[in-house]
Amino acid sequence: MYGSEAGRSNNTSRRAATLLSGVAVGSLLLTGCFSSGGDKDKPNGESRNNGPKQSDAPFWVNPEGLASEALARAEREGKKDEARLIRKIADRPAGEWIRPEQAEDQTRKITEAAAAAKTPPILVMYNIPHRDCGQYSKGGARSADEYRQFTDAVVRGIGDRAASVVIEPDALPHIMVPGCVPQHMHDEQYTLMKEAVDKLKSLPNTKVYLDAGNPHWIRDPGGMVTPLKRAGIDAADGFSLNVSNYQTTEENIEYGKRLSSMVGGKQFVIDTSRNGNGPMDGKEDEEAWCNPPGRALGEPPTTRTADKLVDAYMWIKRPGESDGACKGGPAAGQWHHEYALELARNAEKS
């Protein structure tokens, strides 16, 4: 199944408890006021109960994801209101996080299905050695050679078919956090990401984005320039922001434009999957990034954005899947039904 995500989690780009301003490091807990990105750029089909059809969506909609399974279950059980809410997630495109153990087969199946639907998929590579600094989504490749094999498998699976690939959410910001990624692994991680960019960009129809954290993590975009350069931003199409986080679209656009001006005018994409109400006030919560209550779905995926430098709003994080075993949630990457309902319900109110 395309949507089987066991063993994979995507609770990324969320260590806003660590503040990096250039090379200065301090601590920060998530704070922020809600500010809307506006309604003028939302796709015409957003308000339809049935959600966009494949032909209406800018990216491929997985018919077999965890949200689709939850929708089918709600319909079987006659829970019409739940089904209506879950449909807001199931009928929209979201990131496909590639499982290392089935990388080539999974990627090929996804890209072939997407090609048949004439819409490119969003793929996420999340397998860097020492992933997530040993925290909720710890794991990753056991060696540099194993990661290279993973990259090669993804490249073979894509082939000449269209795809947008987000490379290693959190990896570059984590390198910047003292004590997170062992010093002796820094050069290796930069090299592996640069090699991934080069191999993916050798394909004819692949767009590539290096993850650059979010505005409440790397507060000074200048601090991200050297890491992006070392990881291959010059050859990539651009960078991604806000993956699995809740910072507003407006703030991400402002930050992304500043960072873009420092890396050759590169374009960027923003994860809007759960930022409809902005971040939670986390002054007393060191895990304000993890399944925070009161959040909402953000702008649906679209290439009709509020600024020419923004390639797309994407749902890179799959809404409804847990950030981790916190605030009553299941393990990272598992379906969190009540949270999914809350995200969809709150989106209707905002």
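Keep in mind the model is a prediction, meaning the values are calculated, not measured.

Caption draft 1: Broad picture of helix α9 (residues 337-349). If you check α9, its first and last C-alpha atoms are 19 Å apart, about what 13 residues at 1.5 Å a residue would give, namely 18 Å. Taken as a whole, α9 has its buried residues at Tyr339, Ala340, Leu341, Leu343, Ala344 and Asn346. Elements in contact with the buried residues of α9: α2 (80-90).

Caption draft 2: Region of interest: the packing of aromatic side chains. Counting across every chain of the model gives three aromatic pairs. Considering the side-chain rings of tyrosine 147 and phenylalanine 150, the 5.6 Å spacing of their centres and the 55 degrees angle between planes classify their relative orientation as tilted. Of this pair, tyrosine 147 and phenylalanine 150 both sit in helix α4 (residues 144-158), three residues apart, roughly one helical turn. Accessibility assignment for this pair places tyrosine 147 and phenylalanine 150 in one class, buried. Ring plane angle 10 degrees and centroid distance 5.2 Å describe the contact between phenylalanine 239 and phenylalanine 268, whose orientation is recorded as stacked. In this pair, phenylalanine 239 sits in strand β8 (residues 238-241) while phenylalanine 268 sits in strand β9 (residues 267-271), placing the two residues 29 residues apart along the sequence. Taken as a pair, phenylalanine 239 and phenylalanine 268 share a single burial class, namely buried.

Caption draft 3: Focus on the packing of α4 against helix α6 (residues 186-201). Where α4 meets α6, the closest approach of the two axes is 10 Å, and the angle between their N-to-C directions is 15 degrees. Taken together, the axes of α4 and α6 lie roughly parallel to each other. As for how α4 packs across α6, the hand of that crossing is right-handed. Residues Ala144, Tyr147, Arg148, Thr151, Asp152, Val154, Val155 and Ile158 of α4 form the contact with α6, whose own contacting residues are Glu188, Thr191, Leu192, Glu195, Ala196, Lys199 and Leu200. For the contact of α4 with α6, the per-class residue count stands at eight nonpolar, two polar and five charged.

Caption draft 4: Unusual backbone geometry, seen in detail. Notably, histidine 130 is not glycine yet its phi reads approximately 60 degrees, a positive angle. Here histidine 130 is to be found in the loop between β4 (122-125) and α4. For serine 244, which is not glycine, the phi torsion reads 65 degrees and is therefore positive. Along the chain, serine 244 turns up in the loop between β8 and α8 (249-262). Judged by its relative accessible area of 0%, serine 244 falls in the buried class.

Caption draft 5: Highlighting the environment of asparagine 245. By secondary structure assignment, the location of asparagine 245 is in the loop between β8 and α8. As a C-alpha pair, asparagine 245 and tryptophan 289 span 44 residues in sequence and 6.6 Å in three-dimensional space. In this structure the side chain of asparagine 245 is engaged in a polar contact, spanning 2.9 Å, whose partner is the side chain of glutamine 247.

Caption draft 6: Expanded view of the state of the cysteines. Under the criterion given, the structure shown has one disulfide. What pairs with cysteine 290 in a disulfide is cysteine 326, and their sulfur atoms sit 1.7 Å apart. Since a negative S-S torsion denotes a left-handed disulfide, the cysteine 290-cysteine 326 link at about -75 degrees is left-handed. Here the residue cysteine 290 occupies a position in the loop between β9 and β10 (310-314), and cysteine 326 occupies one in the loop between β10 and α9, the gap between them amounting to 36 residues. Each member of the pair cysteine 290 and cysteine 326 is classed as buried.

Caption draft 7: Representation of the UniProt feature "active site" (unreviewed entry) in the chain in the model. Summarizing the sequence annotation, UniProt attributes the feature "active site" (unreviewed entry) to Asp170 and Asp323 in the numbering used throughout. A maximum C-alpha distance of 13.7 Å among these annotated residues, which run over 154 residues, shows that they cluster at one spot. With respect to the helices, strands and loops of the structure, aspartate 170 is situated in the loop between β5 (163-167) and α5 (171-176). Judged by relative accessible area, aspartate 323 falls into the buried class, the value being 1%. Within the local environment of aspartate 323, its side chain forms a polar contact with the side chain of tyrosine 246, the two groups lying 3.0 Å apart.

Caption draft 8: Expanded view of the sheet that holds β4. Across the sheet, which stays open at both edges, the seven strands sit in the order β3-β4-β5-β6-β8-β9-β10 with parallel pairing between neighbours. This sheet does not close on itself; its edge strands, each paired only once, are β3 (96-97) and β10. By the bridge criterion, three bridges tie strand β6 (residues 206-211) to β8 in an arrangement that is parallel. Among the inter-strand pairings, aspartate 211 is bridged to a residue of β8, identified as serine 240. Strands in contact with helix α3 (residues 103-117) are β3, β4 and β5; relative to β4, the strand with the most contacts, it is inclined by about 165 degrees.

Caption draft 9: Molecular detail of α2. Those residues of α2 not exposed but buried are Ala83, Leu85, Ile86, Arg87, Lys88, Ile89 and Ala90. Lining the buried residues of α2 we find α1 (66-76) and α9.

Parameters at a glance
- All residue numbers refer to positions counted from 1 along the written sequence of the respective chain.
- Only residues with pLDDT of 70 or above have their local features reported here, since the model is predicted, and side-chain atom pairs are shown and tallied only from 80 upward, although totals for entire chains, interfaces and linings are computed over all residues.
- As a rule here, side-chain values cover all heavy atoms of the structure and leave hydrogens and water aside.
- Runs of H or I in DSSP of at least four residues are treated as helices and runs of E of at least two as strands, each being numbered from the N terminus.
- By this rule, a helix spans an expected 1.5 Å times one less than how many residues it contains.
- For every residue, the accessible area obtained with a 1.4 Å probe (protein chains only) is divided by the maximum for its type, and the residue is called buried under 20%, exposed over 50%, and partly exposed between those limits.
- Here a residue-residue contact requires only that any non-hydrogen atoms of the pair lie within 4.5 Å.
- Aromatic contacts are taken between Phe, Tyr and Trp rings whose centres are within 6.5 Å, Trp giving its six-membered ring; a plane angle under 30 degrees counts as stacked, one over 60 as edge-to-face, and the others as tilted.
- Helix axes are fitted only over the stretch in contact, all axes being lines through C-alpha atoms; the angle between N-to-C directions runs from 0 to 180 degrees.
- Our angle categories are set so that under 35 degrees counts as roughly parallel, over 145 as roughly antiparallel, 65 to 115 as roughly perpendicular, and the remainder as oblique.
- For any helix crossing, the convention is left-handed if the near helix is rotated counterclockwise from the far helix by under a right angle, and right-handed if that rotation is clockwise.
- Gly counts as polar in this scheme, as do all residues outside two lists: the nonpolar Ala, Val, Leu, Ile, Met, Phe, Trp, Tyr, Cys and Pro, and the charged Asp, Glu, Lys and Arg.
- Pairs of N or O atoms are called polar contacts if they sit within 3.5 Å, as long as, within protein, a hydrogen donor faces a hydrogen acceptor (for residues adjacent in sequence, only side-chain-to-side-chain pairs).
- Disulfide assignment relies on a single distance test, namely cysteine sulfur atoms paired within 2.5 Å.
- UniProt positions are given in the numbering used here, feature names are shortened, and annotations may be inferred rather than shown by experiment.
- By definition, two strands form a pair when at least two bridges between them are found by DSSP.

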